[in-house]
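So you can see what is in the structure, the chains are spelled out below.
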Amino acid sequence: MPVKCCFHRSSAGETMAWSESVDTLLANKDGLAAFRTFLKSEFSEENVEFWLACEDFKKTKSSTKITSKAQKIYSDFIQADAPKEINIDFHTKNHISQNISEPTLSCFDDAQRLIYSLMAKDSFPRFLRSEAYKELVKKQENRNQKRWLPFL
């Protein structure tokens with residue numbers, strides 16, 4: 001079933017720029033929303049949700065918040081049978097499990113790198129080939145043409 005995408009605020013140039021890199025896509029609010037919708041359609045939105053949770057976690061200043069946020073990330077994404085369990089190797093998962101009682105701002109870095117790599121090498125190229133992305137680019141191009149040629 002094709003994914004219906006509803007992100008029309010970005011310009012055609014911005015939408016096309018998303019194809020440059022996964023970083024460009026993740027840094028753009030509309031790009032991120034479109035990518036999340038695509039990942040939901042593939043039942044793999046936990047990857048981008050984990051990545052975003054890690055980005056937020058790394059900005060945490062308070063030591064009590066570091067502990068509570070780390071526990072939340074662990075229970076949501078890492079522990080066995082977590083509701084949004086990410087697919088990481090045993091060694092990485094085990095390392096996090098052993099150190100979660102005294103979390104640091106870098107405790108999820110290895111797992112985040114693995115998930116980023118998975119998104120960049122697997123999900124991102126599929127997103128760019130998806131009908132949802134192609135349709136979005138086409139709509140933006142059509143909208144730009146109409147802006148420049150109002151008599152059409």
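A closer look at the overall build of the chain
- Counting its secondary structure elements, the chain contains eight helices and zero strands.
- Helices (α) and strands (β) of the chain occur, in sequence order from the N terminus, as α-α-α-α-α-α-α-α.
- In the chain, buried positions account for 39% of the 152 residues.
- At a minimum sequence separation of 6, the contacts of the chain that also span at least 24 residues come to 61%.
- Counting only carbon and sulfur atoms, one obtains 54% of the accessible surface of the chain, whose full area is about 9,200 Å².

Some remarks on the confidence of the model for the chain
- Looking at the chain as a whole, its pLDDT mean stands at 88, while 86% of the residues score no less than 70.
- Every residue in residues 1-9 scores below 50 in pLDDT, and together they form 21 contacts with partners more than four places removed in sequence or on other chains.

Concerning the nonpolar core
- Phe50, Ile78 and Phe108 are the most contacted members of the largest nonpolar core, which has 18 residues in total.
- When contributions to this core are tallied by element, the ones reaching two or more residues are helix H4 (45-57), helix H5 (63-78) and helix H7 (109-129).
- Among the elements that make up this core, the one with the highest residue count is H5 (six residues).
- Counting 17 residues, the second largest nonpolar core, distinct from the first, contains Leu25, Leu32, Trp51 and Val137.

Remarks on the pattern of salt bridges
- By the definition in use, this model includes 10 salt bridges.
- Linking Asp76 and Lys72 is a salt bridge whose minimum nitrogen-to-oxygen distance equals 2.8 Å. Of this pair, Asp76 and Lys72 both sit in helix H5, separated by four residues, roughly a single helical turn.
- Asp76 gets classed as buried once you look at its relative accessible area, which sits at 14%.

Section: the packing of helix H3 (residues 29-41) against H7
- Contact geometry of H3 with H7 gives a least axis separation of 10 Å together with a crossing angle of 95°. By the angle between their axes, H3 is roughly perpendicular relative to H7. Between H3 and H7, the contacting residues are Ala34, Phe35, Phe38 and Leu39 on the first element and Met119, Ser123, Phe124, Arg126 and Phe127 on the second.
- A class-by-class count of the residues in the contact of H3 with H7 yields seven nonpolar, one polar and one charged.

About the cut-offs
- Residues numbered from 1 in each chain as written.
- Predicted model: local features only at pLDDT ≥ 70, side-chain atom pairs only at ≥ 80, totals over all residues.
- Heavy atoms only, no water.
- Helix = DSSP H or I, 4+ residues; strand = E, 2+ residues; numbered from the N terminus.
- Buried < 20%, exposed > 50% of the residue type's maximum accessible area, 1.4 Å probe, protein only.
- Contact = heavy atoms within 4.5 Å.
- Areas by Shrake-Rupley, 256 points an atom, 1.4 Å probe, with all protein chains shown as cover.
- pLDDT = per-residue confidence, 0-100.
- Core = buried A, V, L, I, M, F, W, Y, C linked by side-chain atoms within 4.5 Å.
- Salt bridge = Lys/Arg side-chain N within 4 Å of Asp/Glu carboxyl O.
- Axes fitted to C-alpha atoms, helices over the stretch in contact; angles between N-to-C directions.
- Parallel < 35°, antiparallel > 145°, perpendicular 65-115°, else oblique.
- Nonpolar A, V, L, I, M, F, W, Y, C, P; charged D, E, K, R; others polar.

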